[in-house]
Amino acid sequence: MPAPPPPSASTSPGSLMAAEIAEQPEMFARLLRPGAPEVRAIANQIRAADPRFVVLAARGTSDHAALYGKYLVEIELGLPAGLASPSSLTAYGAKPNFTDVLWVAISQSGGSPDLVESTAAARRAGALTLAVTNAPESPLAAAAQLHLDVRAGAERSVAATKSYTAELLMLWLLVDAWRGGDGHAAEVLPQLASTVLQRRDDLVVADRYRFVEKIVTTARGYAYPTAREASLKLMETSYLSAHAFSGADLLHGPLAMIDQDRPVICIVPEGVGGQAMQPVLERLRERHADLCIVGDARFACGDETLVALPGGLPEQLSPILQIIPLQRLALTMALARHHDPDAPRGLRKITQTW
């Protein structure tokens, strides 16, 4: 897939990223309708192969989608899953035994050489290989035995937004179909995403944090990939020093750096992941941290900044909504700091690694 054209001088800073964030409700509807038969067909082939282990390979934003996929596979399917180290197969030339393994390579562009090469190597080593991309004609799609198109449409802003949530939804649909589901639980996503986009909580958060240089994001369970993706978006668009931690890992050392001058964005959904964050929130409040709660309003206290999300969505689907206001936050903060999030310095839309 050729790289999208760079933003032109005639587009205003951030206009591409803003438009692509706004496209997400429509994109979800497109993926849920025309894409559903394709997902079921792939799920049937995987079920027939009966893999004993799932390995997910990705880079950058897609790596956070892979982490989400890992939680889905382990919790919903009861299968062990792991994140691949592509360099083990490419740079080091390792030849693991991938018999009875499903290898899932996730990439917006499908063009990174290390993912293409590691997928080909995994296939030679006995894995059933699946590519999940936004580019059905890409080298990665050709290298894998199976392919799923996330149908996000052309994405021109360097900062990935709609392609990320499309990857999340595609992985959920695949796992749901694999275990015999009908995908019905996801049908509310287009409307809920529209509701989230109508709110502008990001303006309040951006105004509060526009001058900070260091920030922490944290969550547990299904929401942890959201913390990692939010951190990346803030780094690449606003040039902040942003660190993402699992809530559990935050308590194992990094908590010591937290004080009132280092804001902490906590993604706290309804469900098990939110409950698991309760002791983390208590420790952060002991440190007098400046907290921003994203998710379930019941976890916010006092004058803490709150970005409330619609309730009632199954926890395993909530990351698809959680990231949307955080994408908006990255966009708004970048513009407030006089940066163009469509074209971050030193970055290209397709990053090639070996």
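Residues numbered from 1 in each chain as written. Predicted model: local features only at pLDDT ≥ 70, side-chain atom pairs only at ≥ 80, totals over all residues. Heavy atoms only, no water.

Asks: Any chance you could explain the overall build of the chain here in plain terms?
Replies: Scanning the chain from terminus to terminus reveals 14 helices and 10 strands. Against the globule reference of 20 Å for 354 residues, the chain gives a C-alpha radius of gyration of 20 Å, in line with a compact fold. With 354 residues in all, the chain has 57% of them scored as buried. Counting only contacts in the chain whose residues sit at least 6 apart along the sequence, the fraction spanning at least 24 positions is 77%. Total accessible area on the chain is roughly 14200 Å²; 52% of this is exposed by carbon and sulfur atoms. Here the chain holds 32 positive side-chain charges and 37 negative ones, and the gap between their average locations is 3 Å. (Helix = DSSP H or I, 4+ residues; strand = E, 2+ residues; numbered from the N terminus. Rg over C-alpha atoms; globule rule 2.2 N^0.38 Å. Buried < 20%, exposed > 50% of the residue type's maximum accessible area, 1.4 Å probe, protein only. Contact = heavy atoms within 4.5 Å. Areas by Shrake-Rupley, 256 points an atom, 1.4 Å probe, with all protein chains shown as cover. Lys, Arg positive; Asp, Glu negative; His and termini not counted. Charge placed at Lys NZ, Arg CZ, Asp CG, Glu CD.)

Asks: Explain unusual backbone geometry to me, please; I cannot follow it from the model alone.
Replies: Peptide bonds are trans in most cases, and residues, glycine excluded, mostly fall at negative phi. In this structure, Asp100 takes a positive phi of about 65° despite not being glycine. According to the relative accessible area criterion, Asp100 is partly exposed, its value standing at 41%. With phi around 60°, Tyr239 is a residue other than glycine that occupies positive phi space. Looking at where Tyr239 falls in the secondary structure, it is placed in the loop between helix H11 (224–238) and strand E7 (241–246).

Asks: Any chance you could explain the environment of Leu102 here in plain terms?
Replies: Locating Leu102 in the fold gives a position in strand E3 (residues 101–107). Through-space distance from the C-alpha of Leu102 to that of Ala206 is 41 Å; in sequence the pair is 104 residues apart. Not counting residues up to four positions away in its chain, the partners in contact with Leu102 are Ile46, Pro51, Phe53, Val54, Val55, Leu128, Leu130 and Trp178.

Asks: What is the right way to look at the packing of helix H4 (residues 61–77) against helix H8 (residues 162–178) in this model?
Replies: For any two helices packed against each other, the geometry is given by the interaxial angle and the distance between the axes. For the pair H4 and H8, interaxial distance at closest approach is 9 Å and the crossing angle is 20°. What the angle tells us is that H4 and H8 run roughly parallel. In the crossing of H4 with H8, the sense of the turn from one axis to the other is right-handed. Residues Thr61, Ser62, His64, Ala65, Tyr68, Gly69, Leu72, Val73, Glu76 and Leu77 of H4 pack against Tyr164, Glu167, Leu168, Leu171, Trp172, Val175 and Trp178 of H8. (Axes fitted to C-alpha atoms, helices over the stretch in contact; angles between N-to-C directions. Parallel < 35°, antiparallel > 145°, perpendicular 65-115°, else oblique. Left-handed = near helix turned anticlockwise from the far one by under 90°.)

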